[in-house]
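# A structural walkthrough
Listed here are the chains, written in short residue letters.
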Amino acid sequence: MIVKRITNVFFRYALRVITLLFAVSVIGFTLVSLSPVDPVQQYVLSVGSVSPEQRAELEDYWGLNDPPVERFENCLSAILHGDFGTSLLYRRPVIDVIREKFANTFALMLCAWVFSGVIGFILGCVMGANRDRAADKILKRICLLLCSVPTFWLGLLLLLLFSVWLGWFPIGFSSPIGVMNSDVTIWQQIHHLILPALTLSLLSFANVALHTRQKLIDVLESDYVLFAKARGESKRQIMKRHGYRNIIMPALTLQFASFAELFGGSVLAENVFSYPGLGSAVSAAGLNSDVPLLLGITLFSALFVFTGNMIANLLYGAIDPQIKESYANE
Amino acid sequence: MNELTVQNSSVFHGKRINRRTKTVILIILISAIIASALLAGVLISDEAVAADFTNAKQKPSFEHLFGTDWLGRDLFARTMKGLSISIVVGVVASLISAVIAVLVGIAAATGSKTLDGFINWLIDLVMGVPHLVLIILISFACGRGLKGLLAGIAITHWTSLARLIRAEVLQLRSEQYIAVSRKLGKSNGWILINHILPHMIPQFVVGLVLMFPHAILHEASISFLGYGLPPEQPAIGIILSESMKYLSSGMWWLAFFPGLTLVIIVILFDRLGDNLKMLIDPYSAQE
């Protein structure tokens, strides 16, 4: 029964994701074709001298003279066959670029995601348990402050503090300059990962912390906790028996639903630390009019966010009986 | 009953400032900053931020409050000019966005079920692509510049306010005085203009004030990445991205002060928005 329900939800969500992804590709394609930047011109600039005949041939080859709808159909069928085109910037198939860059970004986001989740949860518990005491007030101020700080500025400050003044961490790049990729040790990679990951997690833990605080306060004010107190449970017992158990799943759900902010934050953090991931690739693609790469990453990021949202929805359905019932009734 | 009096007395007898007073103070502070930034944008001539190599790379002092950059330009003047640009962009973009949100929210709540479903789907769509990526795409489509920046920020920010307004209108629709109006023979349009829209004004104002910090942060981020305004117009994001090249030579003030100014503006607006929200809807003060 439960398996059936979950597959049901899963399929409905998958259908939604497919229509949304289709819409993203239509909108992305329209936006890119609206752009006054001429892709042929950009390509010509990057290649060097091209005669007018070659240019016309290129335009024909890329199908720029075809009507837009036909171009979109061609583009879509290529995408469905797994061909996202060739990146102008990296001179390689877009799918390869995305795969390679995403490995870097994934390491960064995973670190930040786990770290911010754990820290946010712990701080949220501390704040909720000590409601309206000094610790709560100070931590709450800090969280609210961190919500208003731009990602890249925090990155710059961390860079100044740890790389320029203290010299603990290198300034940028995911591996040392002048060393072959195969020679880079895992420690060197981690060394280069710490600051960007720290920037990213400092910005996202505040959200989890404030949310967890609120949930914990709701729990501690509930009747069953009052009854537990009346039964003589100690504060620690109450936290263990009623507190953590009730707030860990909402916090996890929130973390899964925050993939969009995580991705946006990683774009900025990667640019500050010149970390070679998807985020720096997307801004470079936009600046250098690398249309295939830009579209590819847009689609990929949308897929990434939808996946996170789907996990969040499934988790939510699994923990909240009301939502479970509403699924069953639909 | 006892609890109530205790709560009240803590507000009036304690050292805490009343929320209304706080809001008024915040409004005064913000208008002072905005006025001075806008005045600075107009009054500070291009000569004041022109290159002056004799004064290059100076640390912050009373003469140059924020120091000078590698070309000898006064950073304080540049920051204030940048702030005026950021504020104008932020206000215009969030205004457009808030208007979109109201229109879409009301349409979703009063229109047909299909329309409501479509708008929900649209909101999912806008929220599904990371905002920064979407803004990059939109500003690429508009050929990088002020237009793309405004369109990008306006298109990405309306979603949460639209949801709020939709919920509010749905609730309003079931109120008795709406039903009475309808029985009195008022048309849907009349009810919309005379009953529903006035109710949306507080939501609109709060939404606008809370949207502004996000808009200004996104503006800074996107110009930091090199989209948006041309480098001759010193938006804060551009000042910060230029400062990156000089960080390793220890010129910390280039990155520190402009960013700090931005953060202060953002925090003030956030506080103002929160306070306004609580004044309008005291129930949310419990959150």
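Residues numbered from 1 in each chain as written. Chains lettered and ligands numbered in written order. Predicted model: local features only at pLDDT ≥ 70, side-chain atom pairs only at ≥ 80, totals over all residues. Heavy atoms only, no water.

### Thoughts on the overall build of chain A
In plain terms, the rule: Per the convention used, a helix needs a DSSP run of H or I reaching at least four residues, while a strand needs a run of E reaching at least two, with both numbered from the N terminus. The classification of residues rests on relative accessible area computed with a 1.4 Å probe and restricted to protein chains. Under 20% of the type maximum is buried, over 50% is exposed, and intermediate values are partly exposed. Between two residues, a contact is recorded if the distance between any of their heavy atoms is within 4.5 Å. Accessible areas in this description were obtained via Shrake-Rupley with a 1.4 Å probe; residue shielding takes into account the shown protein chains only.
Looking only at helices and strands, chain A features 14 helices and zero strands. Scanning chain A from its N terminus toward the C terminus, one meets helices and strands in the order α-α-α-α-α-α-α-α-α-α-α-α-α-α. Taken across its 330 residues, chain A has 43% of its residues classed as buried. Within chain A, contacts between residues at least 6 apart in sequence are counted, and of these 72% link residues at least 24 apart. In the structure as shown, chain A presents an accessible area of about 17200 Å², 64% of it carried by carbon and sulfur atoms.

### Quick word on the domain arrangement of chain A
Residue and element names in this part refer to chain A. The line we're drawing: Domain delimitation in this document rests on an assignment produced automatically or drawn from a domain database. Each salt bridge in this description consists of a side-chain nitrogen of Lys or Arg and a carboxyl oxygen of Asp or Glu lying within 4 Å of one another. We call two N or O atoms a polar contact when they sit within 3.5 Å, provided that within protein one can donate a hydrogen and the other can accept it, with sequence-adjacent residues counted only if both atoms are side-chain atoms. Only Asp, Glu, Lys and Arg are considered charged in this grouping, and only Ala, Val, Leu, Ile, Met, Phe, Trp, Tyr, Cys and Pro are considered nonpolar; every other residue, Gly among them, is considered polar.
For chain A, the assigned domains read domain 1 (2-80) and domain 2 (97-329). The interface of domain 1 with domain 2 comprises 16 residues on the first partner and 16 residues on the second. At the surface where domain 1 touches domain 2, the tally comes to zero salt bridges. Across the contact surface, domain 1 and domain 2 share zero residue pairs in polar contact (both at pLDDT 80 or more). Partitioned by chemical class, the residues of the side of domain 1 that touches domain 2 number 12 nonpolar, three polar and one charged.

### Considering the interface of chain A and chain B
Rules: Simply put, the buried area is the total loss of 1.4 Å probe accessible area from both parts when two parts are fitted together.
Listed by partner, the interface residues are 49 residues for chain A and 43 residues for chain B. In total, chain A and chain B occlude about 3900 Å² of area from one another, counting both sides; carbon and sulfur atoms represent 79% of this. Linking chain A with chain B are one salt bridge. Residues D124(B) and R16(A) are paired through a salt bridge, measuring 2.6 Å at the closest nitrogen-oxygen approach. For the pair chain A and chain B, the interface holds six residue pairs in polar contact (both at pLDDT 80 or more). Mapped by element, the contributors of at least two residues to the side of chain A that touches chain B are helix 1 (2-34), helix 6 (134-147), helix 7 (151-165), helix 11 (259-272), helix 12 (278-287) and helix 13 (291-319) of chain A. For the side of chain A that touches chain B, the element with the highest residue contribution is helix 1 of chain A, accounting for 10 residues. Partitioning the side of chain A that touches chain B into residue classes produces 35 nonpolar, 13 polar and one charged.

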